[in-house]
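Residue-level listing of the chains:
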There are 4 protein chains.
Amino acid sequence: MRDDDVDRSGLAMDRAALQAFLGEAFPQVGADFTVERAAADRVVVALETAERHLRPGGTVSGPTMFALADVAMYLAVLARIGPEALAVTTNVSIDFMRKPPSGARLTCTARVLKLGRVLAVGDALIEAPGLDGPVARASLTYSIPPKR
Amino acid sequence: MRDDDVDRSGLAMDRAALQAFLGEAFPQVGADFTVERAAADRVVVALETAERHLRPGGTVSGPTMFALADVAMYLAVLARIGPEALAVTTNVSIDFMRKPPSGARLTCTARVLKLGRVLAVGDALIEAPGLDGPVARASLTYSIPPKR
Amino acid sequence: MRDDDVDRSGLAMDRAALQAFLGEAFPQVGADFTVERAAADRVVVALETAERHLRPGGTVSGPTMFALADVAMYLAVLARIGPEALAVTTNVSIDFMRKPPSGARLTCTARVLKLGRVLAVGDALIEAPGLDGPVARASLTYSIPPKR
Amino acid sequence: MRDDDVDRSGLAMDRAALQAFLGEAFPQVGADFTVERAAADRVVVALETAERHLRPGGTVSGPTMFALADVAMYLAVLARIGPEALAVTTNVSIDFMRKPPSGARLTCTARVLKLGRVLAVGDALIEAPGLDGPVARASLTYSIPPKR
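Residues numbered from 1 in each chain as written. Chains lettered and ligands numbered in written order. Predicted model: local features only at pLDDT ≥ 70, side-chain atom pairs only at ≥ 80, totals over all residues. Heavy atoms only, no water.

**Student:** Outline helix H3 (residues 62–81) of chain B, supporting the account with residue identities and numerical values.
**Tutor:** Residues and elements named next belong to chain B. If you check H3, its first and last C-alpha atoms are 29 Å apart, about what 20 residues at 1.5 Å a residue would give, namely 28 Å. For H3, the tally of buried residues reaches 18 of 20 residues, placing the bulk of the element in the interior. Phi turns positive one or two residues past the end of H3, at Gly82, with a value near 95°. (Helix = DSSP H or I, 4+ residues; strand = E, 2+ residues; numbered from the N terminus. Expected span 1.5 Å × (residues − 1). Buried < 20%, exposed > 50% of the residue type's maximum accessible area, 1.4 Å probe, protein only.)

**Student:** A description of the relation of the copies chain A and chain D should follow, citing residues and the corresponding values.
**Tutor:** Structural alignment of chain A on chain D gives an RMSD of 0.0 Å, achieved by rotating through 180° and translating 0.0 Å along the axis. These values place the two chain copies in the arrangement generated by a two-fold rotation axis. Closest to the rotation axis within chain A is the C-alpha of Ser93(A), separated from it by 2.0 Å. When the interface residues of chain A are mapped onto chain D, 100% of them are again interface residues, pointing to one common binding face. (Least-squares fit on C-alpha atoms with pLDDT ≥ 70 in both. Contact = heavy atoms within 4.5 Å.)

**Student:** Give a description of the packing of aromatic side chains that names residues and reports values.
**Tutor:** Residues and elements named next belong to chain A. All chains considered together, the criterion is met by 18 aromatic pairs over all chains. Between the aromatic rings of Phe26 and Tyr74, the centroid separation amounts to 5.7 Å while the plane-to-plane angle is 80°, which identifies the pairing as edge-to-face. Here Phe26, found in the loop between helix H1 (15–25) and helix H2 (27–30), pairs with Tyr74, found in helix H3 (residues 62–81); they are 48 residues apart in sequence, far enough to count as distant. Like Phe26, the residue Tyr74 is buried in the burial classification. (Phe/Tyr/Trp six-rings, centres within 6.5 Å; stacked < 30°, edge-to-face > 60°.)

**Student:** So what about the environment of Ala124(A)? Which residues, and what values?
**Tutor:** Residues and elements named next belong to chain A. If you trace the backbone, Ala124 turns up in strand E5 (residues 119–127). Sequence spacing of Ala124 and Leu78 is 46 residues, and the spatial spacing of their C-alpha atoms is 15 Å. Residues in contact with Ala124, not counting those within four places in the same chain, are Ala69, Met73, Cys108, Thr109, Ala110, Ala136, Arg137, Ala138 and Leu140.

**Student:** Just give me the short version of the interface of chain B and chain C, but keep the residues and values in it.
**Tutor:** Across the boundary between the two partners, chain B contributes 21 residues, which contact 21 residues of chain C. Taken together, both faces of the contact between chain B and chain C bury some 1700 Å²; the carbon and sulfur share is 53%. A per-residue breakdown of the area chain B buries against chain C is headed by Gln28(B), Phe66(B) and Phe96(B), which together make up 28% of the total. One can count zero salt bridges joining chain B with chain C. For the side of chain B that touches chain C, the secondary-structure elements that each account for two or more residues are helix H2 (27–30), H3 and strand E3 (88–96) of chain B. Among the elements that line the side of chain B that touches chain C, the one with the most residues is E3(B), at eight residues. Tallied by class, residues from the side of chain B that touches chain C come to 12 nonpolar, six polar and three charged. Bridge count for E3(B) against strand E3 (residues 88–96) of chain C is five bridges, and the pairing is antiparallel. (Buried area = accessible area lost by both parts, 1.4 Å probe. Salt bridge = Lys/Arg side-chain N within 4 Å of Asp/Glu carboxyl O. Nonpolar A, V, L, I, M, F, W, Y, C, P; charged D, E, K, R; others polar. Pairing = 2+ DSSP bridges.)

See the structure below:
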């Protein structure tokens, strides 16, 4: 789906803005993640897999998949509310379901299910090509700081 | 969607079979739940709300929503593997996001994300008419007993 | 441990006050639960098991164990902040680990791990006599309404 | 508590064995974690904080805390069953409750709550000196491969 086809109604930040924000707010990890798509109802982020993300045997590590889900969901929230760097992860529940093939490019699709005054809740699916189902699923909650 | 339109490929039990199984295996609660749709990729179950499901003020209780998600996911697993009464819930993670309107009919859509030799994992969304998003979401894991 | 031995420093509501509150705020279910102990660091609640709590075979149902953990944690929070009937469960993650023996009396020990301005987080262990470990464990989060 | 005081009944691997296993099985991350204590009922692991573990501002990142809990629980399971490198994390539910002070040394205490034929379930608390409660809590489930 080309950027031109993305429905921007409801979007406070588009793909380019999210990618730039990621690089500025989290310089150590921003380069690991590419924002592939941003829409009001979901954001898709890909992991740029490097040696440091792998366990022996070439499988992507649990903490790396956790980070991918966290970044995707965080950006899905920001896509709705704008560049709020103080939104903080409070809860994550993650299930690891299939071992991603060695060298596979992981993508994570995150959707916001609730955007409240205080909490944002959503879920995310991590996928890799060639599997018969998702690699992992996660549900995540963020606390949103009060407006100044 | 009429029953005739349901894609039965991959289905081990259809809507009628799931409803019958529920009534026989769990007589105390079977009548509380109506299986609305059963397909290989998802099952939809509705709660037949009664006084015992409510908190003061008329809102559906947390344990009732937990039960709805558990039944829907359990049936989604059985729809794939057949009438396995010994499948047991091992983990549930549930987020309560919106208060369902008093008197609303709750429906739960459950999908199986992984059906392994030992574990089945899926997620479920509980919805009510007239809200701008889901009432609750849950992820659930079941252990599947070894075949005799 | 006798009531006299309970350390009341930090307690906003004692055992009797919590039991009374439960009966008044949640009349439909209050009688199912007995507050056995209340201290600033933990609350212990027992389930008064009845037919409606059981699955065929006599095992306590998942929703009932969910309710027990929820009540115990809710009261553990109230024991610290006073009778706040508007505190609402936002997230529960529960693991079912051992089948409780038929007829066993279940007790749940809940402790508050964080009492914030907006969120309270804690965990709970459900136990039954005669087992080599807990029946279930849960972690729970509540949102606390703003003070008037 | 000195090593000599640790109750070794029930321990399949002691502190030194667990540390050695970590370094061999997971060379990329083994050096980040120090096994401080190993007993049959709990294992304590400390994080050797480095630049790569931090977010801007010096706070330990979520994925790093996830990794700390995962390593501590994994070793708590191995302390009971021996060097089983094929045990795999299937589910983690984590709550982030307090921001650890910049430069603080994080320790994680993990305990196994159930050690079944197929699944191991436990919980973990992450702490830092000087706070009035834990930094984070996690519950974790591992699948244990069948014995050859």
